[in-house]
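# Structural features, examined
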Amino acid sequence: MAMRSIHVQTTINGQPAEFLCEPRQSLLEVLRDVLRLTGTKEGCNDGNCGACTVEMDGRIVPACLVLGAEAEGARILTVEGIAEGGALHPVQAAFLEGAALQCGVCTPGFIVAAKVLLDANPDPTESEIRLWLANNLCRCTGYDKIVRSVQAAAKIRQETAA
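Given the structure is predicted, the values throughout are model-derived calculations rather than measurements. (Residues numbered from 1 in each chain as written. Predicted model: local features only at pLDDT ≥ 70, side-chain atom pairs only at ≥ 80, totals over all residues. Heavy atoms only, no water.)

## Some words on the nonpolar core
Counting 23 residues, the largest nonpolar core has Val91, Phe95, Phe110, Leu133, Ile146 and Val150 as the members making the most contacts within it. Only helix 2 (90-97), helix 3 (107-120) and helix 5 (144-161) provide two or more residues apiece to this core. (Core = buried A, V, L, I, M, F, W, Y, C linked by side-chain atoms within 4.5 Å. Buried < 20%, exposed > 50% of the residue type's maximum accessible area, 1.4 Å probe, protein only. Helix = DSSP H or I, 4+ residues; strand = E, 2+ residues; numbered from the N terminus.)

Set out below in structure tokens:
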């Protein structure tokens, strides 16, 4: 028996989007394979590494554990949508400046998670940053450069807001 495709209308990176997906297809599969937004990475595919982290309706979620059909009516932000008017977002700039990346598999998830953190808490402590990013795993850089980059991004955002 053939599965019927589900028609989904949503907003991705600030733009209206629609797609067809199978009922069992994850949001990660839809983003990468249907919409060709390949910035969101597949790591563990079971919600434990954070490589596929996206923002969905103001919350960070592992796209591998969300069904594509659940995106109906949602507002989704992927790493492709974080740059602001052609300029890197402060989190992206700080990650580059702070060398907070190596292989790059975990980087998009960290960047999305850090952006959502700074939107909610513009001046997080080191402990708050580490706790917020605890579901994102990196096997290359270690976490100190990542945490320092989030702190630097917070400072950049505070300076530009003043």
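## Thoughts on the pairing of strand 3 (residues 53-56)
Covered by surrounding structure in strand 3 are Thr53 and Glu55 together with Val54 and Met56, the residues of both alternating faces. Of the strand pairs in this sheet, strand 3 and strand 4 (residues 59-62) are connected by 4 bridges, and their pairing is antiparallel. Among the inter-strand pairings, Thr53 is bridged to a residue of strand 4, identified as Pro62. If you look at the hairpin formed by strand 3 and strand 4, you'll find 2 residues sitting between the two strands, and Asp57 has a positive phi there, around 55 degrees. (Pairing = 2+ DSSP bridges.)

## Re the sheet that holds strand 4
Strand order in this open sheet of 5 strands is 2-1-5-3-4, and the pairing throughout is mixed. A strand with exactly one partner marks an edge of an open sheet, and here the two such strands are strand 2 (15-21) and strand 4. Ignoring strand direction, the axes of neighbouring strands in this sheet form an average angle of 40 degrees. Together, strand 1 (6-12), strand 2, strand 3 and strand 5 (75-77) form the strand contacts of helix 1 (residues 27-34), whose direction differs from that of strand 2 by roughly 105 degrees. (Axes fitted to C-alpha atoms, helices over the stretch in contact; angles between N-to-C directions. Contact = heavy atoms within 4.5 Å.)

## Some remarks on the pattern of salt bridges
Evaluation of the coordinates by the stated rule reveals 6 salt bridges. Across the salt bridge formed by Glu22 and Arg24, the nearest N and O atoms sit 3.1 Å from each other. Asp119 serves as the salt-bridge partner of Arg157, at 3.1 Å between the closest nitrogen and oxygen. On the criterion of sequence distance, the pair formed by Arg157 in helix 5 and Asp119 in helix 3 is long-range, its members being 38 residues apart. Overall, the relative accessible area of 22% leaves Arg157 in the partly exposed class. Look at the salt bridges and you will find they share partners, linking Glu55, Lys115, Asp119 and Arg157 into a network. (Salt bridge = Lys/Arg side-chain N within 4 Å of Asp/Glu carboxyl O.)

## Side note on the side chain of Asn136
If you trace the backbone, Asn136 turns up in the loop between helix 4 (126-132) and helix 5. For Asn136, a relative accessible area of 3% corresponds to the buried category. Of note is the side chain of Asn136, whose polar atom sits 3.2 Å from the backbone oxygen of Gly50. Engagement of the side chain of Asn136 in a polar contact is seen with the side chain of Thr53, the distance being 3.5 Å. (Polar contact = N/O pair within 3.5 Å; in protein donor to acceptor, adjacent residues only side chain to side chain.)

## Details of helix 5
The end-to-end C-alpha distance of helix 5, which contains 18 residues, comes to 26 Å, matching closely the 26 Å that a straight helix rising 1.5 Å per residue would cover. Those residues of helix 5 that sit buried are Ile146, Val147, Ser149, Val150, Ala153 and Ala154. All buried residues of helix 5 project into a common sector of 160 degrees when viewed along the axis, lining one side. Projecting away from the buried face of helix 5 at angles above 90 degrees are the exposed residues Lys155 and Glu159. Where helix 5 is buried, its residues touch helix 2, helix 3 and helix 4. (Expected span 1.5 Å × (residues − 1). Arc of directions from axis to C-beta.)

## Considering the domain arrangement of the chain
We note that the domain assignment places domain 1 (6-81) and domain 2 (90-161) within the chain. For domain 1 versus domain 2, the separation of C-alpha centres amounts to 21 Å. Between domain 1 and domain 2, the residue contacts involve 15 residues of the former and 14 residues of the latter. Contact with domain 2 buries area across many residues of domain 1, yet Cys49, Ile60 and Val79 alone supply 41% of it, more than any other trio. The interface formed by domain 1 and domain 2 holds 1 salt bridge in total. Among the salt bridges present, the one from Glu55 reaches Lys115, with a minimum N-O distance of 3.9 Å. In terms of residue count, the dominant contributor to the side of domain 1 that touches domain 2 is strand 3 (3 residues). Of the residues contributing to the side of domain 1 that touches domain 2, the split by class is 6 nonpolar, 6 polar and 3 charged. (Domains from an automatic or database assignment. Buried area = accessible area lost by both parts, 1.4 Å probe. Nonpolar A, V, L, I, M, F, W, Y, C, P; charged D, E, K, R; others polar.)

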